[in-house]
Each structure stands twice: as structure tokens, then as C-alpha cells.
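Per-entry structural report
Each chain is listed here by its residues.
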Amino acid sequence: MATRATRWAAVIAVTAMTASGCSLLNGGGADTSAPAAGHQKISVGIIATVDDAPVKLAQAKGYFTEEGLDANVKVYPSVQQTMPALQSGEIDVTLMNYVSFFQAEAAKTLDAKVVSDAYQGTPDSLVLLAKPDSGIRTPKDLAGKKVSVHSKGNIVELLIKAVLQDNGVDPNSVNYLEVKFPQIPAALANGQIDAGGDLEPYITQGEQQFGVQPTFKIVTGATDNIPLSGYVASTKFIGAHADVVAKFQKAMVKAQKAAADRSSISSVLPDLTGVDKQTSSLLKLGVFPTSVDATRLQRVVTLMKTYGYLQQSMDVSTLVLPTPNS
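Here we summarise the structure given alongside this text. No experiment lies behind these values; they were computed from the predicted model shown. (Residues numbered from 1 in each chain as written. Predicted model: local features only at pLDDT ≥ 70, side-chain atom pairs only at ≥ 80, totals over all residues. Heavy atoms only, no water.)

A short note on the sheet that holds strand 10 (residues 213-214)
The sheet built from 5 strands is open, its strands ordered 8-7-9-6-10 with mixed pairing. Either end of the sheet is taken by a strand with one partner, and the two such strands are strand 8 (175-178) and strand 10. As paired elements, strand 7 (residues 146-149) and strand 8 share 4 bridges and run parallel to each other. Across the sheet, the residue bridging to V149 is E178, located in strand 8. (Pairing = 2+ DSSP bridges. Helix = DSSP H or I, 4+ residues; strand = E, 2+ residues; numbered from the N terminus.)

Here it is, written out as C-alpha cells:
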């Protein structure tokens, strides 16, 4: 974050290492509780964001082992890497944001089901960041601006476009640029973008390191408590390994419940996201649901249809694998 420029360069370099693979994104490893012989193997793909903290909790607390699983967790930069890995069989289960998942299902480029809910947004856990002197205070202030999304066509872009349209602003009046979550605060600081949709831990890190601040809310009203991401497995894998998937689901129920405890979730965030322990206690977190609710996920499809992300609606109940009874 010497000169102002060199501080930025240093932080950008550290952030880029985090996002591109030095230790974090090439990390992973099997369940640290040393599974016994005979445990069934499962490979889980995650991303280095708070959405996936319960997977790290499941490893740390031995929930996978308790369910008879030998879990190998691999960390990827984004869904652009996890979806091909799922399709090729490199991983068995992966985190996906729901917009990308439903788009892939609609395009028939993916045949999978949601096996566990992951993360639900709240007004403070997914925000639009900007510099204090940006002049961005309301949706109309985004017209003509450069606004970043983690990847084109994902949940963040949908939320921004929904808020713009609901406030009488043409969603296409904004220049959307792809900038990964960890790099957004630095991109704001150096003027690459005017605003960016970001989540934790990068919201808090951006506030501390660059002085960027949340602007108007993008998770609010009709989008409040919007489901953001879930764990999906291919229909082929579910058919061949239904027992393994059921064990994964049961382990994740335990982990999602444990994530409600702030001290528990904070214990795994430093390893997952690279944020220090003190900062992890300051993060503004969303909700970690403990079951898959097709009705709740249908809200995402409705939004996607309303704002042109889907040409036709979808019945989410056909894309969800119910959580087994404990």
C-alpha cells in the first residue's frame, strides 16, 4: 500500500500472489484429522473467499472424517477454473456462484445439481466499493463509470444491474470490467476502475489499506439475503457415488452450523484468505445456510429472467439434491 506509488505496487504484488496461486490458490490438502483406512475419497474445489470457510472448518474439525470421507480440498482462482475441473473429473464437488451455475445449466454446458448451499448475501457482506472522493453515492452516479465485477455475467454483475434498473438507470450505461475480488481495492486506488463489487475479506482490507468505502447498497430490498453460492456435483458423479455425496452433505451441514460461531469461522479465515487474525474478527459476514432450499434459490432464477440473464425460467427443484436426514 517509500512513495504512494510504491506502497500501491507492494500491496498489488501481494494481492496478485494471493489471487494467482502462491501458497493459497495452489493449496488445499486432505482432511487434517488423518482419515482412517477405508474412508471414501472426495475431491472438493473451492475459491479463496469467505463463502468456502465452512469447507476449511469441516477439515479442521474433522467433520469429513466423521462421515467416513478422505477429503482433498483444492483452491482455485475462480469459477472459470472450477467448472472445467468439475467437468473433467479433476474434482468431484465445487463451489459455484448461482448465476454462473444456472447459466451453465440453461446452456447445457453443465449437467449438475446443487448438493449444499454455501453463502447468502447481506447488505454489508457484498458491497460496491469506491474511493471517498469518487462522487458515487447513488445508482445514477454509475452512469458512464468503469465498474468491476469478479467475472462477466456473475452474481455481482446481476445485482449491480438489478439495482441500476430498479432506480431508473440504464444498466448498459456502465462499462463493466473484469477484476478479481482480491485486486479490486488496489484497482480503485490506482484509478483502473471507478467502483467495484466486492466481498470479504477484501472489503475490510480495502478500507484499511486504501481507504476505499462502500457506496449505495446492492444487496437490498428484493435482493436482500440473496443466495450467492452453493456446492455442486455432476449428475454423473451423484449417480455413481450417491453415498459419497450424502456423506459430503452431512459433513457440510455440521460445518455450516459451526460457521455461525464467529470464533470458529475466524479460526480458518487466515489460512483460506490470507487475512490476519485481528482483521478476520472485523469482517462483515453473510449467512451460511444449513440446508438447500429450492424455493430460496428460485429467487435467483427469477432475478436472472427479469434482467435478461436467462431467456426462460427454470424449475430449481430439478437442480437440487435434498440434504439427507442426519
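A short note on the pattern of salt bridges
The final tally for this structure, using the stated rule, is 12 salt bridges. For D117, the salt bridge goes to R296, with nearest N and O atoms at 2.8 Å. Highlighted residues: D117 in strand 5 (residues 112-120) and R296 in helix 13 (residues 294-306), separated in sequence by 179 residues. In this pair, the class of D117 matches that of R296, namely buried. The salt bridge partner of K284 is E200, with a shortest N-O separation of 3.7 Å. Here E200 lies in the loop between strand 9 (195-199) and helix 8 (202-210) and K284 lies in the loop between helix 12 (277-280) and helix 13, a separation of 84 residues in the sequence. Since its relative accessible area comes to 0%, E200 is described here as buried. A network of salt bridges, in which partner residues are shared, links E66, E67 and K254. (Salt bridge = Lys/Arg side-chain N within 4 Å of Asp/Glu carboxyl O. Buried < 20%, exposed > 50% of the residue type's maximum accessible area, 1.4 Å probe, protein only.)

Some points on the environment of V244
Mapped onto the elements, V244 comes out in helix 10 (residues 242-258). Sequence separation between V244 and G68 is 176 residues, and the spatial gap between their C-alpha atoms is 8.6 Å. Beyond its immediate chain neighbours, meaning those up to four positions away, V244 contacts Q40, K41, I42, L69 and F237. (Contact = heavy atoms within 4.5 Å.)

Quick word on the environment of V156
When you line up the elements, V156 lands in helix 6 (residues 155-166). Taking the relative accessible area as the measure of exposure, V156 reaches 1% and is therefore buried. Counting along the chain gives 59 residues from V156 to N97, while the straight-line C-alpha distance between them is 9.4 Å.

Looking at empty space enclosed by the protein
Its volume calculated, the largest cavity comes out at about 210 Å³. Lining the largest cavity are 18 residues, and of these I47, D51, N97, H150 and F181 lie nearest its centre. Listing elements by their share of the lining of the largest cavity, those giving two or more residues are strand 4 (93-97), helix 6 and strand 11 (227-234). Sorting elements by how many residues they give to the lining of the largest cavity places strand 4 first, with 3 residues. For the lining of the largest cavity, the residue count by class is 10 nonpolar, 7 polar and 1 charged. Lining the second largest cavity, in full, are V115, S116, D117, Q249, M252, V253, Q256, P289, T290, S291, V292 and T323. Residue assignment for the lining of the second largest cavity shows that the elements contributing at least two residues are strand 5 and helix 10. (1 Å grid on protein atoms, 1.4 Å probe; cavity = no way out; pocket = protein on both sides within 12 Å on 5 of 7 lines; lining within 4 Å. Points joined across faces, edges and corners; volume = space filled by probe spheres on them. Nonpolar A, V, L, I, M, F, W, Y, C, P; charged D, E, K, R; others polar.)

Remarks on the side chain of K161
Within the secondary structure layout, K161 lies in helix 6. With a relative accessible area of 16%, K161 lands in the buried category.

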